[in-house]
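Residue-level listing of the chains:
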Amino acid sequence: MDRGNADIAVAYREIYRAKFNDDVLAGTKQPFLIPLHLLGLWVLPTLYLAIPHKNRPWLYRARWLVLALVVVFNINIILHVSSHNFASAYGAGLIAAWGIIWNLTILVWTKPQWEAKRVDIRRKNIRGPLNSSLDERAGAHLPSLTSENGCAAASRGEKQSPQLNIATQQEKGYDRENFEKKLDSAETTGLVLNGHTANSRRLAHERKERQTDVNTWKPHEERIEISEEHRRIILEENPSLRRNENGAQPEIDLGKLAAEQEFEYYWQEYPADASFWVRLDWAFDIVSTFRMTGWNWAIPCVPPYKPPPYLGDYQLPLSAVGPQRTAQGYTRCLSLKELFLSRFLVLIIPNYLIVDFVAVYMTADPYFILGPEHNLPLPPHLSSLSPPLLSAQRTALSFVGVISALNLTFNAGALALAFLPPLPQILRFRAHPWHLPSCTGSFTQVLDRGLAGFWGAWWHQTFRFGFSAPSSFFIRQGFVRPGTWQARATAAACAFLTSGFLHASGSYSTVPKTKWWLPPLFFLLAGVGTTLQGQVCRAPVIRKRITRLPRWVRRLGNLVFVTAWMWMTSWALIDDFGRCGLWLYEPVPVSVVRALNIGPPGDRRVWRYEWGFWPRWYWGEHWWERGLGV
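Residues numbered from 1 in each chain as written. Predicted model: local features only at pLDDT ≥ 70, side-chain atom pairs only at ≥ 80, totals over all residues. Heavy atoms only, no water.

A. How the structure looks around the packing of helix α20 (residues 451-458) against helix α23 (residues 518-538). Direction vectors running N to C along α20 and α23 enclose 120°, while the axes themselves pass 8 Å from each other. Of α23, the residues touching α20 (which contributes L451, A452 and W455) are F522, F523, A526, G529, T530 and Q533. Here the residues of the contact of α20 with α23 are counted per class, giving six nonpolar, three polar and no charged. (Axes fitted to C-alpha atoms, helices over the stretch in contact; angles between N-to-C directions. Helix = DSSP H or I, 4+ residues; strand = E, 2+ residues; numbered from the N terminus. Contact = heavy atoms within 4.5 Å. Nonpolar A, V, L, I, M, F, W, Y, C, P; charged D, E, K, R; others polar.)

Structure follows, in C-alpha cells:
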C-alpha cells in the first residue's frame, strides 16, 4: 500500500480539524453539544408527552407549537453545527433531520396518548386478591428480575386484577382486614412498593378498587389443560420441576406456580392519572424507542411484543411470546448470556476486524480521503485496474465498510444498554434482552425479494417506523386505498425521500464542502428501482414465467439485479462520503490489522484514538452554550 496516501490521510485529518476550530472561533460553526443539541430530538417531545392532553383539546393543539420549535431548532443544527470528530460531524445533521422526522411521527402522524401502550412489569399480588395496579411507577421502574433460569418472572397480560387460588391464600394465613390495615399504614407513611411514594388521590382510588376486587373475587375452579408447548416452556422456566423416578411427566401445579410469581407483565397505556415521573418515564420510553420494541407499535419485521398469556392465575414467561425469530430473519434473545454470546462473539468481533481492515485499505486510495474530484496519483495496485473494475472495487469496499461499521455500532450499543452501568440500573426492564432484537435481517430476503427485501427487511430498520408513519396516516385518513399500487408508491416515496433528507443533512453538516444534493438522488433511485422491480414482477405475464423457474434461478436473478442497480446508482452516495471526510474517522481504538504490520508503512500506529477524537468541554458565551462537544 502507498505510504504517501497514508500521509495524506493524516494531513487531511489535521486540516479538517483546524478548519473546524477556525469556524468555531469565527462564529460560523458551533460544536455539537450535549445536552443542548438533544433538546429537539428527546427533551421537548418528552416533556410535552408527559403532560396529559387527551381531555384538553387546547393542549393537544399546542403540539404544532412544539413541532415548530423543534423544526426551527433542528434546522439551525443542520446549517450551523458540526464537530471535530468526522463521524459526529456527519451525525450532527443526521440527528437533527431525524429529530424533525421523529417529531412529525409522534406529534402529527400518530396519537401516542390515545393509541400507544407498552409491555411493562410490576409487582404481582401474591398475598391476596388486590388490585394489580398498586403503583404504576413501581412497574415502570422495576428491574428485570429473573428466576433461576434467567427469564423474567411472569404475570397477567391484559387482566388488571390477577388473583391466586383461595386454598393458597388460606395456607399462607391471608387476613384481608389486617392486610388492608398494613397497606393503609404504608400509604399513610409514604412507604409503597419499591421505595416510591404515591399520589394520595390515586391511592384512595386504588384502595377502593382493591376492596371491590376482594368482594367480587372468585377462584379458578375448572381444570386447565396444558399443551405440550406450554408444558415445555413451564419446565424451562422452572428447572426445579423434575421428572419422576419412573420417567413420567411431572405434575404441574399452576396454583402453586402462580403463588410463587412475584411480578407480572401487562399492557401499560398512557398513565394519565399517575405522577409526573411515571408519565415522564412513559414519554421518554416512546420518544427514545425508534423501532418501537416493547410497544404495540413495534415494526412488523421484529419479533412480536405483548404480555405473555395466562394459564389460570399463572402467567407464562416471556419465552411464550413468539416467535423469537421472524420470517425476515430478526432474532431476539431471552437471557443476558445468550445476548452476549450472540452479539459479542458472532457479530462484534468479526465486524471489528472487517471495519479495521477496510479503514486501513481505504487510506491507500485518495478517493476515500478527498472524494472523486482529487488530482492525486493512484498507487500502483489501483492504477493498473480498468475504470469499471476500479469503480466496482470502491463500491464493494464502501458497502462492506458501511455495513460492518453499522453492525459494530448497533451491536455494541445493545450490549452497552444491557451491561454497562449505570444504563441497566436506569433503564431496568427496558434493558432486558427481550427489548433488544437483532439489528439486521436475513440476507435471504434479498435473494427472495430483490431490492424490496434489501431495503425492507435485510438492511437495518432503525428508522422504519418514522419512514412509514406518513403513508400509514394517509391510509388511515382515507387518502390512499390500502393494497393498491398507489399505496405502495406512497410508502416507497415517503421512506426514500425522508432517508434522502437524513443523508443530505448529514452531508451538509460536515466540515469540508460537499455536494449534499447527491445522496437524495441515490435514495430516489433506490425507490424507483424497488417500485420498478416490484411492478414488473407482478405483471401477470412475467409473474407466470417467473414462478416456473427453479428457486435458485429466481434467487440468482434477484442478486444480479440488486448488485447491478446498487453499482450503477451508489456513486451518488459513496462519492459524497469521500467528500465529507467520513472515511477519515477512526472506527476502532486498537488496530489489529496494523499490529500485524498490514497497511501503509507510514502509519502503523496501533492505538488510533488520539486527542482529536475525544469529546471536549466547551465554554460558550451563554450558559446554554456550555456542554460536552462530541
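B. Here's a closer look at helix α21 (residues 464-476). In this model, α21 (13 residues) spans 18 Å end to end at C-alpha, consistent with the 18 Å of a helix rising 1.5 Å per residue. Within α21, the full set of buried residues consists of F465, G466, F467, A469, P470, S471 and F473. Among the structural elements, α5 (86-109) and α22 (485-508) are those in contact with the buried residues of α21. Phi turns positive, to about 85°, at G478, one or two residues after α21. (Expected span 1.5 Å × (residues − 1). Buried < 20%, exposed > 50% of the residue type's maximum accessible area, 1.4 Å probe, protein only.)

C. A look at the environment of F473. Turning to its location among the elements, F473 is positioned in helix α21. Taking the C-alpha atoms as reference points, F473 and W109, separated by 364 residues in sequence, lie 5.6 Å from one another. Ignoring any residue separated from it by four or fewer positions in sequence, one finds F473 in contact with V108 and W109.

D. Geometry of the nonpolar core. Counting 90 residues, the largest nonpolar core has W98, W102, I286, W434, F454, W455 and L502 as the members making the most contacts within it. If you tally residues by element for this core, the top one is α5, at twelve residues. In contact with W434, not counting residues within four places along its chain, are V119, P304, Y305, K306, L318, V321, R332, C333, L334 and F429. I8, Y16, F86 and V511 belong to the second largest nonpolar core, which has twelve residues in total. (Core = buried A, V, L, I, M, F, W, Y, C linked by side-chain atoms within 4.5 Å.)

E. Fine view of the packing of aromatic side chains. In total, this model carries 52 aromatic pairs according to the counting rule given. Between F613 and W614, the aromatic rings sit 5.4 Å apart at their centres with planes inclined by 85°, giving edge-to-face as the arrangement. For F613, a relative accessible area of 16% puts it in the buried group. Judged by relative accessible area, which is 39%, W614 ranks as partly exposed. Linked through ring pairs, F399, F443, F454, W455, W458, W459, F496, F522 and F523 together constitute an aromatic cluster. R122 extends its terminal NZ or CZ atom over the ring of Y266, reaching a point 3.6 Å from the ring centre. (Phe/Tyr/Trp six-rings, centres within 6.5 Å; stacked < 30°, edge-to-face > 60°. Lys NZ or Arg CZ within 6 Å of the ring centre and 35° of its normal.)

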